[in-house]
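Results of the structural survey
Letter by letter, the chains look like this.
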Amino acid sequence: MDILRRNNVTVSGREGAPVIMLAHGFGCDQNMWRLVVPALVEEYRVVRFDYVGSGRSDLTAWNEERYASLEGYARDVVEICDELDLQDVAFVGHSVSAMIGVLAAAAAPSRFSSLVMIGPSPCYIDGEGYRGGFSADDIDELLDSLESNYLGWSGAMAPVIMGNPDRPELGEELTESFCATDPDIARVFARTTFLTDSREDLAKVTVPTLVLDCTQDVIAPREVGAYVHSAIPGSSLVTLDATGHCPQLSAPEATATEILAFVRALR
């Protein structure tokens, strides 16, 4: 199988430079990173890709059994790294990809040097002593709505997830991205995203880690960012002066600045 075609891998930036890998979240694709890439490629080799089932990936490679767990997506990441023979990768994961990065780094520790987690959430459902932002009933309702009318759900939820109601074009872009995803694939990815509890995996992170959250985020509240930071030994936490769940679109300069500051300090 052609891994690079399967995941629509694109590589840009300086040949031989340190590598930053950008991984998108649910309902998105690598295009979501386009506003931060110009700042990164001046110093780094930047690898972007689409998870199987997203963007311009090879949809024939999608398999429900594999992608019903985050480990399946982590395998995509590791296989891309193996195919390109990437070393010392700084993995930047948005939303659910933050936890996918944790799993990939655990599966192939020789490939990864650091993690940047943007709007991470190891568990979306509230529990005893833990606030994920949603009750179990909230998540059930969200998934039921998504499965019964995916396009309607996308149109209603994407602007809420994006935030920034004064900039409606951002919500419209996320809506279009959601709507471009096959509903059957989206259903599986949504269940994998919102029903997985990865809290125990955080303590296993051994590479330098930066947690980036936003001042307001309905999907990953600041309490979740603080929890992730406290659970990963030696991690750093920075709150961006941004609102919504997609700061790479709503505040790309601030997002790129923090990524660069973190990875530069490790060189």
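Up top is the structure.
To keep things clear, this report deals only with the structure shown in the data block. None of these values were measured; they are calculated from a predicted model.

**Quick notes on the nonpolar core**
- Counting residues in each nonpolar core, the largest one holds 69 residues, and the members touching the most others are Met21, Val77, Phe112, Met117, Leu174 and Phe178.
- If you tally residues by element for this core, the top one is helix 4 (residues 96-107), at 8 residues.
- The residues contacting Phe178, other than those within four sequence positions of it, are Phe26, Gly27, Cys28, Tyr150, Trp153, Ser154, Ala158 and Ile161.
- Counting residues in hydrophobic clusters, the runner-up holds 23 residues, among them Leu22, Val92, Leu240 and Ala256.

**Looking at the environment of Leu170**
- Its place among the elements puts Leu170 in helix 7 (residues 168-179).
- When its relative accessible area of 7% is taken as the criterion, Leu170 is described as buried.
- Leaving out residues up to four positions away in the same chain, Leu170 has contacts with Met162, Asn164, Leu249 and Ser250.

**Comments concerning empty space enclosed by the protein**
- One pass over the full model with this rule turns up 1 cavity of 30 Å³ or more.
- Of the pockets and cavities examined, the largest cavity occupies roughly 130 Å³.
- Around the largest cavity, the lining is made up of 13 residues, and of these Phe26, Ser95, Ile161, Phe178 and His245 lie nearest the centre.
- Classifying every residue of the lining of the largest cavity gives 9 nonpolar, 4 polar and no charged.

What counts, and where the lines are drawn
Residues numbered from 1 in each chain as written. Predicted model: local features only at pLDDT ≥ 70, side-chain atom pairs only at ≥ 80, totals over all residues. Heavy atoms only, no water. Core = buried A, V, L, I, M, F, W, Y, C linked by side-chain atoms within 4.5 Å. Buried < 20%, exposed > 50% of the residue type's maximum accessible area, 1.4 Å probe, protein only. Helix = DSSP H or I, 4+ residues; strand = E, 2+ residues; numbered from the N terminus. Contact = heavy atoms within 4.5 Å. 1 Å grid on protein atoms, 1.4 Å probe; cavity = no way out; pocket = protein on both sides within 12 Å on 5 of 7 lines; lining within 4 Å. Points joined across faces, edges and corners; volume = space filled by probe spheres on them. Nonpolar A, V, L, I, M, F, W, Y, C, P; charged D, E, K, R; others polar.

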